[in-house]
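# Architecture at a glance
The chain contents come next:
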Amino acid sequence: MNDRFLKACRREPVDCTPVWFMRQAGRYMQEYQAIRAKHSILEVCKTPELAAQVTLQPIDRFPLDAAIIFADILLPLEAMGLRLEFAEGEGPIIHNPLRDRASVDQLRPVDGDELAYVEEAIRQARRALTGKVPLIGFAGAPFTLASYAIEGGGSRNYIRTKQLMYREPEVWHRLMDKLARVVTGYLRRQIRAGAEAVQLFDSWVGCLSPGDYAEYVLPHVQLIFDGLKREQVPLIHFGTGTGSLLRLMRQAGGDVIGLDWRVHLDDAWQTVGHDVAVQGNLDPVALFASVHEIERRVEDILRRAAGRPGHIFNLGHGILPNTPIDGVAVTAEMVHKLSQR
Ligand code: CP3
């Protein structure tokens, strides 16, 4: 078994730096498009055979050191009673967004088999991987989930989200607590189904000030990490635009802190402390550049990591649609070659 990724999560020495990419399964791959031509994204997520198959597509093609289960962070919202749709070319839509206390109180707790299809996909993906690389499970963090649930989709300024937070803090905390409990149970089930590490995606939390993060988000994220400590698998805590939040995110929890490309990896590692691992942080748009330019940027990140145990190479956010497939292949190979110990 290639266990470089798990070793790096635990800050143990490795032969070379492990690499995987957020959103490594997706539309930039023809194999993925072929499946999506016949099935909606929700169908793929809810059919364990398909989800497992898509999970393995990037592993079969690139020298990656971890697989991530194919699912979506919004699936638990659907299980809680929100009507979720992935509209072609528009991104996710929630048709009955949360706007008041009554709709928050109506959310179902999700403490049973509502998301059993993800657990089954994990079991099937583990079987298909035959120990080649570890499998990562994941969930959205409460703030990022709340933002979709309240806005009804993606957002630019998060006005309705912050409006609830600022005007009705008690309802806000009820919602965040409900989400945190669902996410904890969901991740625990993923781990018990075979996920060998889990990542919490707080993709949009960077829109908050440090003061608001500390007051309205941190305690709920802490509940999740505290609730998973006993599970004995590495916990990854990721967000974007988090340069000013890193210290607080570290305090909230995680064995690995995910960094986006807006920070220097060495500065950020110092900020969170060398007693946690870090993951990142190439600009996803760098994969559209020439091989020479990619190499310059990969070298820079590796130089900042300085061979210190506990660096997992990744992008600073997910692979974008239309990313050149060669850029992905070249980058994965390059990370291994340039980081040989
Ligand atoms: O990384 C992987 O390969 C695993 C699969 C994965 C998906 N979504 C599948 C997906 C993961 C890890 C996610 C997480 C996710 N989903 C996040 C957090 C990560 C991030 O990028 O910040 C967020 C914010 C979502 C919500 C979401 N799902 C959006 C905004 C979209 C539309 C975006 C787009 O590019 O159209 C989705 C749909 C989605 N989920 C796609 C994939 C591969 C693309 C849709 C398609 O196949 O047509």
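Remember, predicted model here, so these are calculated numbers, not experimental data. (Residues numbered from 1 in each chain as written. Predicted model: local features only at pLDDT ≥ 70, side-chain atom pairs only at ≥ 80, totals over all residues. Heavy atoms only, no water.)

Take the overall build of the protein chain next. When helices and strands are tallied, the protein chain shows 15 helices and 9 strands. A globule of 341 residues ought to have a C-alpha radius of gyration of about 20 Å, and the protein chain, at 19 Å, matches this closely. For the protein chain, the residues scored as buried account for 58% of the 341 residues in total. Surface accessibility of the protein chain: about 14,100 Å² in total, with carbon and sulfur atoms responsible for 47%. Side-chain charges of the protein chain comprise 40 positive and 42 negative groups, with the mean position of each set lying 2 Å from the other. (Helix = DSSP H or I, 4+ residues; strand = E, 2+ residues; numbered from the N terminus. Rg over C-alpha atoms; globule rule 2.2 N^0.38 Å. Buried < 20%, exposed > 50% of the residue type's maximum accessible area, 1.4 Å probe, protein only. Areas by Shrake-Rupley, 256 points an atom, 1.4 Å probe, with all protein chains shown as cover. Lys, Arg positive; Asp, Glu negative; His and termini not counted. Charge placed at Lys NZ, Arg CZ, Asp CG, Glu CD.)

What follows is about the side chain of Q199. The residue Q199 is located in strand β5 (residues 197-202) in this model. On the accessibility criterion, Q199 (0% relative accessible area) is buried. There is a polar contact of 3.1 Å between the side chain of Q199 and the side chain of Q279. In this view, Q199 contacts W20, M22, I136, G137, F138, A139, I236, F238 and Q279; residues no more than four positions away in its chain are not counted. (Polar contact = N/O pair within 3.5 Å; in protein donor to acceptor, adjacent residues only side chain to side chain. Contact = heavy atoms within 4.5 Å.)

Here we take up the pairing of strand β9 (residues 311-315). Counting buried residues in β9 gives 5 out of 5 residues, a clear majority hidden from the surface. In this sheet, β9 lies alongside strand β8 (residues 277-282) in parallel orientation, the contact comprising 5 bridges. For G280, the partnering residue across the bridge sits in β9 and is F313. Each parallel crossover has a hand, and the one from β8 via helix α14 (residues 291-305) to β9 is right-handed. (Pairing = 2+ DSSP bridges. Right-handed = clockwise from strand over helix to strand, strands pointing away.)

Another point: the nonpolar core. Counting residues in each nonpolar core, the largest one holds 129 residues, and the members touching the most others are F5, L77, W172, L175, Y213 and V217. When residues in this core are grouped by element, the largest group, 12 residues, is from helix α10 (residues 169-193). When neighbours within four sequence positions are excluded, W172 is seen to be in contact with F143, A146, I150, T161, L164, M165 and Y216. (Core = buried A, V, L, I, M, F, W, Y, C linked by side-chain atoms within 4.5 Å.)

For the pair α10 and helix α11 (residues 210-228), the least separation of the axes is 9 Å and the interaxial angle reads 25°. Here α10 lies roughly parallel to α11, going by the angle between them. Here the hand of the crossing between α10 and α11 comes out right-handed. For the pair α10 and α11, contact is made by P169, W172, H173, M176, D177, A180, R181, V183, T184, L187, R188 and I191 and by E215, Y216, V217, H220, L223, I224, G227 and L228, respectively. (Axes fitted to C-alpha atoms, helices over the stretch in contact; angles between N-to-C directions. Parallel < 35°, antiparallel > 145°, perpendicular 65-115°, else oblique. Left-handed = near helix turned anticlockwise from the far one by under 90°.)

One way to put it is that helix α4 (residues 48-61) packs onto helix α7 (residues 116-129) with a least axis distance of 8 Å and a crossing angle of 45°. With respect to α7, the axis of α4 lies oblique. The handedness of the crossing between α4 and α7 comes out as right-handed. Contact with α4, carried on its side by P48, E49, A51, A52, T55, L56 and I59, involves Y117, E120, A121, Q124, A125, A128 and L129 of α7 and no other residues of that element. Its residues assigned to classes, the contact of α4 with α7 comprises 10 nonpolar, 2 polar and 2 charged. (Nonpolar A, V, L, I, M, F, W, Y, C, P; charged D, E, K, R; others polar.)

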